[in-house]
2 protein chains.
Amino acid sequence: MLLAALNLEDAVSPTIADRLFDQLRKAIVEGEIPPGSKISEPVLAARYGISRGPLREAMRRLESSSLVERKPNVGARVIRLSSEQLLEIYVIREALEGLAARLAAEHMAEPAIAELRALLERHRIEVAREGGQSYFQTEGDLDFHFCIVQGSGNRRLISILCNDLYHLARMYRCQFGMKSDRARDALKEHELVVDAIADRDGELAEWLMRRHIRASRRATERRIALTAASGQPPAANGLRSVCGRRDPVTGNEYPLSASSPPDSTN
Amino acid sequence: MLLAALNLEDAVSPTIADRLFDQLRKAIVEGEIPPGSKISEPVLAARYGISRGPLREAMRRLESSSLVERKPNVGARVIRLSSEQLLEIYVIREALEGLAARLAAEHMAEPAIAELRALLERHRIEVAREGGQSYFQTEGDLDFHFCIVQGSGNRRLISILCNDLYHLARMYRCQFGMKSDRARDALKEHELVVDAIADRDGELAEWLMRRHIRASRRATERRIALTAASGQPPAANGLRSVCGRRDPVTGNEYPLSASSPPDSTN
DNA sequence: ATACGCCTTATTGTCGACAATTAATCTTGA
DNA sequence: TCAAGATTAATTGTCGACAATAAGGCGTAT
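What counts and what doesn't
Residues numbered from 1 in each chain as written. Chains lettered and ligands numbered in written order. Predicted model: local features only at pLDDT ≥ 70, side-chain atom pairs only at ≥ 80, totals over all residues. Heavy atoms only, no water. Helix = DSSP H or I, 4+ residues; strand = E, 2+ residues; numbered from the N terminus. Contact = heavy atoms within 4.5 Å. Domains from an automatic or database assignment. Buried area = accessible area lost by both parts, 1.4 Å probe. Salt bridge = Lys/Arg side-chain N within 4 Å of Asp/Glu carboxyl O. Polar contact = N/O pair within 3.5 Å; in protein donor to acceptor, adjacent residues only side chain to side chain. Expected span 1.5 Å × (residues − 1). Buried < 20%, exposed > 50% of the residue type's maximum accessible area, 1.4 Å probe, protein only. UniProt positions renumbered as here; feature names shortened; annotations may be inferred. Near = heavy atom within 4 Å. Nonpolar A, V, L, I, M, F, W, Y, C, P; charged D, E, K, R; others polar. Pairing = 2+ DSSP bridges. Least-squares fit on C-alpha atoms with pLDDT ≥ 70 in both.

- The name an unreviewed UniProt entry gives chain A is FCD domain-containing protein, with Allochromatium palmeri as the organism.

Below, the structure is given as structure tokens:
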């Protein structure tokens, strides 16, 4: 529900290819199409009841979003998530969202700041209710960052973060489970950032945002170290593996482990 | 010639769509297909002697690179360059390339640093020969930044900068002419950055790179203020308009002013 | 028994044609 | 004469079929 802001695509496109792109991205991000699985064009086209033309165009866009990898004359596979790539994204987000926070402090309109405050208030209630363990908070976290980036007013910055990096980050979170025990700390950090923005203190806002993302990255690093030590292969997802179920799309391939969509709060 | 590093695509793809994407991107970036011009699928397909299928896939990739804008059931137009968007890119580059410089100082291998030094040496000779006015320097500038980013070792950072932002930056430069009088200063700034990287001083490298890009942005701002004051419309390109010639691709549309490819040093 | 080469098969890449939507033109009325 | 509407034309979106490439299986020779 709070994820509404993340669904840029709720204004349905009249063309099949665009709609399909949204559907496939959602399916890949939420793990419905497992990472590493091969995507067969005829099978997928039949699955969605369309021709291969629009499908291929959607696949091209997925490739540009680096959600699938394609080799010519061979086919496309859903990207396999490596911890290194996740950390790379954190490093970039630290720089980019720090910038976004500074710009937001300079450009954001007062009503938008008030909305941001209201959003954090809802998060506060939620965290208090679920004792800081809620998985939901993780999504709320993305919602918060989403709002800040929107407030930066830099359209290309918005595009880079919201069209590509956030979907990747969400994908990793869905894969790894991520019922972060950092919800309470994260919320506090969020509030400090918003305070700085409300004070129009861009320098402080950037510093706080960078520290926040750095802390987030370190928590992820710890988590990765844990799951790696517990015997699982490094690139595997540490989530409930639904072995009794068959791949819903590709049908015949069953890589590492298939994970069902982690929640339906959108 | 020095642009060789920028041509990631010299390893020709066996598929038409990929080859066409490279060709079209080059044509758009260098202004052969003027900004704002409508792209007709049948015309373009005939022009390149291929079918509309691969063309559409290439167009989808161009759209992802934000080189063309598409409206459903209407068509695609080459993006029109606004000064605001150019400055937005500079702001992002400042954050991202500052990060890249820091990472390069930490991760770059010694031979790569030596290569970088050699590159700057060639630039030094070139600048001395052309008296700091050379247009070439502008391309060399991109080459330099390209190498630094490659040295960061962060694959996603490399992808964002080299696959999208650099092509846009190059497009703006081609459109605006850009025989920057800042070549001498820029070269000096480049050398300082490389010194910091060689010293493995990441913090300094980042600071120097940010300052360098900031100076570059300010020079561009001044240039924009000049051309805007000299009577041209703000989004127009301030380059020789070849009015006697017809649009080589779309054939029937002739927006603002068509500019021929600024150089052939690749 | 293993390795090399050939062949079969399935998948991707490409093409031409049809349908749907949009933009422009022409007509008609006030 | 201008505006509003319908009509026409062109472009885009979609589809099914063919061709080319690569992967996998099979057989044979060493």
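1. Description of the environment of Leu208(B)
All names here are of chain B.
Inference 1: Looking at where Leu 208 falls in the secondary structure, it is placed in helix H9 (residues 202–229).
Inference 2: For the pair formed by Leu 208 and Leu 55, sequence separation is 153 residues and the distance between their alpha carbons is 43 Å.
Inference 3: Leaving out residues up to four positions away in the same chain, Leu 208 has contacts with Leu 192, Val 193 and Ala 196.

2. Overview of the domain arrangement of chain A
All names here are of chain A.
Inference 1: One can read the domain layout of chain A as domain 1 (3–80) and domain 2 (83–230).
Inference 2: Residue-level contacts link 15 residues of domain 1 with 13 residues of domain 2.
Inference 3: The contact between domain 1 and domain 2 buries some 1400 Å² in all, and 63% of this surface belongs to carbon and sulfur atoms.
Inference 4: The residue Arg 170 makes a salt bridge to Glu 30 at a minimum N-O spacing of 3.1 Å.
Inference 5: In this assembly, domain 1 and domain 2 are joined by 2 residue pairs in polar contact (both at pLDDT 80 or more).
Inference 6: Among the elements that take part in the side of domain 1 that touches domain 2, helix H1 (residues 16–29) stands out by supplying 3 residues, more than any other.

3. Structural notes on helix H3 (residues 52–64) of chain B
All names here are of chain B.
Inference 1: With 13 residues, H3 extends 18 Å between its outermost C-alpha atoms, agreeing within 8% with the 18 Å of an ideal straight helix rising 1.5 Å per residue.
Inference 2: Along H3, the residues that are buried comprise Leu 55, Glu 57, Ala 58, Met 59, Arg 60, Arg 61 and Leu 62.
Inference 3: One or two steps after H3, the chain reaches Ser 66, where phi turns positive at roughly 55°.

4. A word on the environment of Pro111(A)
All names here are of chain A.
Inference 1: Inspection of the secondary structure puts Pro 111 in helix H5 (residues 110–130).
Inference 2: By relative accessible area, Pro 111 is classed as exposed at 56%.
Inference 3: With 100 residues separating them in the primary sequence, Pro 111 and Arg 211 have C-alpha atoms 26 Å apart.

5. Some details on the UniProt feature "domain: HTH gntR-type" (unreviewed entry) in chain A
Inference 1: The residues that UniProt annotates with the feature "domain: HTH gntR-type" (unreviewed entry) are residues 14–81 of chain A.
Inference 2: Strand forms 15% of residues 14–81 of chain A and helix 51%; the C-alpha atoms that close the span are 32 Å apart.

6. Observations regarding the protein's contact with DNA strand D
Inference 1: Around DNA strand D, a shell composed of 20 residues is seen, among which Ile16(A), Ser51(A), Pro42(B), Arg52(B) and Arg56(B) lie nearest.
Inference 2: When atoms of DNA strand D within 4 Å of the protein are sorted by moiety, sugar and phosphate together comprise 68%.
Inference 3: Taking Ile16(A), its main chain carries an N or O atom lying 2.5 Å from a phosphate oxygen of DNA strand D.
Inference 4: The contact in question runs from a phosphate oxygen of DNA strand D to an N or O atom on the backbone of Ser51(A), over 3.0 Å.
Inference 5: Counting only elements with at least two residues in the surface near DNA strand D, the list comes to H1 and helix H3 (52–64) of chain A together with strand E1 (38–39), helix H2 (41–48) and H3 of chain B.
Inference 6: Considered class by class, the residues forming the surface near DNA strand D number 8 nonpolar, 6 polar and 6 charged.

7. As for the sheet that holds strand E3 (residues 75–78) of chain B
Residue and element names in this part refer to chain B.
Inference 1: An order of E1-E3-E2 is seen for the 3 strands of this open sheet, with the pairing classed as antiparallel. The open sheet has two free edges, formed respectively by E1 and strand E2 (68–71), since each of these has just one partner strand.
Inference 2: Relative to E3, E1 runs antiparallel, the two sharing 2 bridges. Residue pairing for E3: Lys 38 is matched across the bridge by Arg 77.

8. Let's talk about the protein's contact with DNA strand C
Inference 1: As a matter of local geometry, DNA strand C sits amid 21 residues, with Pro42(A), Arg52(A), Arg56(A), Ile16(B) and Ser51(B) nearest to it.
Inference 2: Restricting attention to atoms of DNA strand C within 4 Å of the protein, one finds that 69% of them are sugar or phosphate atoms.
Inference 3: Take Lys38(A): an N or O atom from its side chain is 3.2 Å from a phosphate oxygen of DNA strand C.
Inference 4: Elements supplying a minimum of two residues to the surface near DNA strand C: strand E1 (38–39), helix H2 (41–48) and H3 of chain A together with helix H1 (16–29) and H3 of chain B.
Inference 5: Along the lines of polarity and charge, the residues of the surface near DNA strand C split into 9 nonpolar, 6 polar and 6 charged.

9. A look at the relation of the copies chain A and chain B
Inference 1: Superposition of chain A onto chain B requires a rotation of 180° combined with a translation of 0.0 Å along the rotation axis, giving an RMSD of 0.0 Å. Seen this way, the second copy is the image of the first under a two-fold rotation axis.
Inference 2: Here 97% of the interface residues in chain A have copies in chain B that are interface residues too; the copies meet face to matching face.

10. Section: the interface of chain A and chain B
By a widespread convention, an interface's size corresponds to the accessible area lost as its parts come together.
Inference 1: With 31 residues of chain A at the interface, the matching set in chain B holds 31 residues.
Inference 2: Both sides of the chain A and chain B interface together cover about 2800 Å² of buried area, and 52% of this is carbon and sulfur.
Inference 3: Sorting the residues of chain A by area buried against chain B places Glu57(A), Arg60(A) and Arg156(A) first, and these three jointly supply 26% of that buried surface.
Inference 4: Seen at the junction of chain A and chain B, the total is 8 salt bridges.
Inference 5: With a shortest N-O distance of 3.9 Å, Arg155(B) and Glu88(A) are connected by a salt bridge.
Inference 6: The tally of links between chain A and chain B comes to 17 residue pairs in polar contact (both at pLDDT 80 or more).
Inference 7: For the side of chain A that touches chain B, the secondary structure elements donating two or more residues are H1, H3, helix H4 (83–107) and helix H7 (155–176) of chain A.
Inference 8: With 10 residues, the top contributor of residues to the side of chain A that touches chain B is H4(A).
Inference 9: Residue composition of the side of chain A that touches chain B, by class: 14 nonpolar, 7 polar and 10 charged.

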